[in-house]
Amino acid sequence: MERIISDLQSRKKCLFEEVDTLVATEIGSLQRERNEHKVKTAALKTHCQVASEICELPLTLSNPEIQKLQSEILRLAQRSREHLQSNGILSDGVRQIIKFTNRNENVVLSAISYFGIVSAHAQLAFAADLNPDDGARFCRTPDRPRRQRDAQPSGEDENSCVNEVLQRYRNRGQVKKYFGMEGNDLGQMNSPSGISSTASDHIIVADSCNDRIQIFDVNGVVKRVIGGKGTSEGQFDGVADVCVTSRGRIVTSDSFNHRIQIFNERGRFVRTFGSEGSGDRQLKYPCGVETDVRGQIYVCDQHNHRVQVFSGNGQFIRKFRFNSPQYLSVTSNGTVVVGGNHTVQAFDGYGRHLFPLGIEGTNVSPFNQPHGIATDQQGNIIVGDSWNNCIQVFTSNGSFVTWFGSSGSEPGQMRMLEGVCILSDGGIVVTDSGNNRIQIF
């Protein structure tokens, strides 16, 4: 009887958590829709203002065709303005506030000091509001990834957001610290994969082919080692990823044992769940793991092509489909960002698709095996683009901001990077797997 009551109480708690998550998700969706409406409205007002200002200029040219074109533009602008006014969208006060800015050129020119060289043709392309990929050629390193289309915000709010994130991350390409080398002694690594950090900035590394977890301070000093090869509790066979809950517990994906293992902050085994299979609560080569603010655990069930969500004690909650998920991150507002199969996609907590990260308006992915994913306190998304050997930065709604990194073994260069996490000061930590080391930017 006590066991039944305990199970019912556990189920009751899970149901309450699901209701809370659903409410938070719906509120977030409504807020996003409201913001999108504001952005689109501002863009429409801006276009009307620009058209009016152009057409109010003196007709200095005598060409009848030009005069006819200007008259037509003025007529369309007036009709658009009347439509806005009739719907109560455009007031006299708002009309005086809205001003046109060439946001594309401003974004690019503000980033010249980081990206390198921008040709005159590139400036003309942006000034004319053309596709920057038609003319822009940023020169930095020959083995960089195919350059994405820079963020094309729909309004000044979005443009301001991109610039703010750019200022925060534009200098992160300089390596501050690196440590580790190939081997199986303390502090050495063998194909490190996932990575996470604690509230005190201890760096937790999934030392995959050494079948252990190593915990370092920010100076690279080993503080603790967990595990060893095996199938018993507390042992690993190909540990893939690691994350830290709000209670300080360490969650690991024990990939070839097809299970999740949880340890306390001192490295002592707490519990395990999962077994090989395709049913609920079963796993096939789990990879990325992450927790949300409620303590729920998200698992990239890689070979089952799905993400499974569990409670903190391992009870199955829900699942959603994704083709070969590798790594994931969950923002503070519950957005789930999943990477794998050359793509990165954002979902709400129930697996409903929100937006892709990539080139706007095309189906071409700018990634080449995106692996590690992290989100900062503002919800900005940092992606470890593994086979392109670089880090890419996006805003919280998926607009591209900047990138850094190149292929090699020198400090700041990477070979087959895997995990990504963020320290309390904003430092970006990556597992440089091919070089068997950790780098902090």
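It should be noted that the structure appears before, not after, this text.
Residues numbered from 1 in each chain as written. Predicted model: local features only at pLDDT ≥ 70, side-chain atom pairs only at ≥ 80, totals over all residues. Heavy atoms only, no water.

Trainee: Sorry, what's going on with the sheet that holds strand S8 (residues 259-263) here?
Mentor: Backbone hydrogen bonds are what pair the strands of a sheet, in a parallel or an antiparallel way. Strands sit in the order S6-S7-S8-S9 across an open sheet of four strands; the sheet is antiparallel. The outermost strands of the open sheet, each flanked by one partner alone, are strand S6 (239-244) and strand S9 (269-273). Ignoring which end each strand starts from, the neighbouring axes of this sheet average 20° apart. For strand S7 (residues 250-254) and S8, the ladder comprises five bridges, and the chain directions are antiparallel. Residue pairing across strands places Ile-250 opposite Phe-263, the latter belonging to S8. (Pairing = 2+ DSSP bridges. Helix = DSSP H or I, 4+ residues; strand = E, 2+ residues; numbered from the N terminus. Axes fitted to C-alpha atoms, helices over the stretch in contact; angles between N-to-C directions.)

Trainee: Quick question: what am I supposed to make of unusual backbone geometry here?
Mentor: Backbone geometry follows two general trends: most residues other than glycine have a negative phi, and most peptide bonds adopt the trans configuration. A positive phi is found at Asn-389, a non-glycine position, where the angle reads about 55°. As for its position among the elements, Asn-389 is in the loop between strand S19 (381-385) and strand S20 (390-394). One non-glycine residue, Met-416, lies in the positive phi region at around 55°. Within the secondary structure layout, Met-416 lies in the loop between strand S21 (400-404) and strand S22 (417-422).

Trainee: Please clarify how the pattern of salt bridges should be interpreted in this entry.
Mentor: Note on pairing: side chains with opposite charge can pair once their charged atoms come close. On inspection of all chains with the given rule, the structure shows 12 salt bridges. In this structure, Asp-207 and Arg-212 form a salt bridge, with 2.8 Å as the shortest nitrogen-oxygen distance. In this structure, Asp-207 and Arg-212 share a single accessibility class: buried. Between Asp-237 and Lys-229 there is a salt bridge whose closest N-O contact spans 2.9 Å. Residue class for Asp-237 comes out partly exposed when judged on its relative accessible area of 23%. Judged by its relative accessible area of 57%, Lys-229 is exposed. Three or more residues joined by partner-sharing salt bridges are found here, namely Glu-164, Arg-168 and Asp-376. (Salt bridge = Lys/Arg side-chain N within 4 Å of Asp/Glu carboxyl O. Buried < 20%, exposed > 50% of the residue type's maximum accessible area, 1.4 Å probe, protein only.)

Trainee: Explain the packing of aromatic side chains to me, please; I cannot follow it from the model alone.
Mentor: Here the distance between the centres and the angle between the planes together describe a pair of aromatic rings. Under the definition given, this model contains 11 aromatic pairs. With a centroid separation of 6.3 Å and 75° between ring planes, the pair formed by Phe-310 and Phe-316 is classed as edge-to-face. What makes Phe-310 buried here is its relative accessible area of 0%. Phe-316 gets classed as partly exposed once you look at its relative accessible area, which sits at 23%. Between the aromatic rings of Phe-404 and Phe-441, the centroid separation amounts to 5.2 Å while the plane-to-plane angle is 50°, which identifies the pairing as tilted. On the criterion of sequence distance, the pair formed by Phe-404 in strand S21 and Phe-441 in the segment after strand S24 (437-440) is long-range, its members being 37 residues apart. In this structure, Phe-404 and Phe-441 share a single accessibility class: buried. Ring pairs connect the aromatic residues Phe-236, Phe-263 and Phe-269, which therefore count as one cluster. Positioned above the aromatic ring of Tyr-350 is the side chain of Arg-318, whose terminal nitrogen or guanidinium carbon lies 4.1 Å from the ring centre. The cationic tip of Arg-437 hangs over the ring face of Tyr-178; the distance from NZ or CZ to the ring centre is 5.5 Å. (Phe/Tyr/Trp six-rings, centres within 6.5 Å; stacked < 30°, edge-to-face > 60°. Lys NZ or Arg CZ within 6 Å of the ring centre and 35° of its normal.)

Trainee: Got a minute to help me understand the layout of surface pockets in this structure?
Mentor: Regions of empty space are outlined by a rolling probe, equal in size to a water molecule, passed over the atoms. Empty space within the second largest pocket amounts to approximately 1,000 Å³. Around the second largest pocket, the lining is made up of 42 residues, and of these Ser-197, Glu-290, Thr-375, Gln-377 and Ile-422 lie nearest the centre. Taken together, the elements giving at least two residues each to the lining of the second largest pocket come down to helix H7 (156-169), strand S2 (192-197), S6, strand S10 (286-291), strand S14 (327-330), strand S18 (370-375) and S22. Each residue belonging to the lining of the second largest pocket can be placed in one class, and the counts come to 17 nonpolar, 17 polar and eight charged. (1 Å grid on protein atoms, 1.4 Å probe; cavity = no way out; pocket = protein on both sides within 12 Å on 5 of 7 lines; lining within 4 Å. Points joined across faces, edges and corners; volume = space filled by probe spheres on them. Nonpolar A, V, L, I, M, F, W, Y, C, P; charged D, E, K, R; others polar.)

Trainee: Please clarify how the sheet that holds strand S4 (residues 212-216) should be interpreted in this entry.
Mentor: The strand order S2-S3-S4-S5 describes an open sheet built from four strands, whose pairing is antiparallel. The sheet terminates laterally at S2 and strand S5 (222-227), the two strands that pair on one side only. Each neighbouring strand pair of the sheet contributes to a mean axis angle of 20°, computed without reference to strand direction.

Trainee: I'm lost on the environment of Val-239 in this one. Help?
Mentor: Take Val-239: it is sitting in strand S6. Sequence separation of Val-239 and Lys-229 is 10 residues, and the distance between their C-alpha atoms is 9.5 Å. Here Val-239 is in contact with Ser-193, Ala-206, Asp-207, Ser-208, Asp-211, Arg-212, Ile-213, Thr-252 and Ser-253, once residues within four sequence places are set aside. (Contact = heavy atoms within 4.5 Å.)

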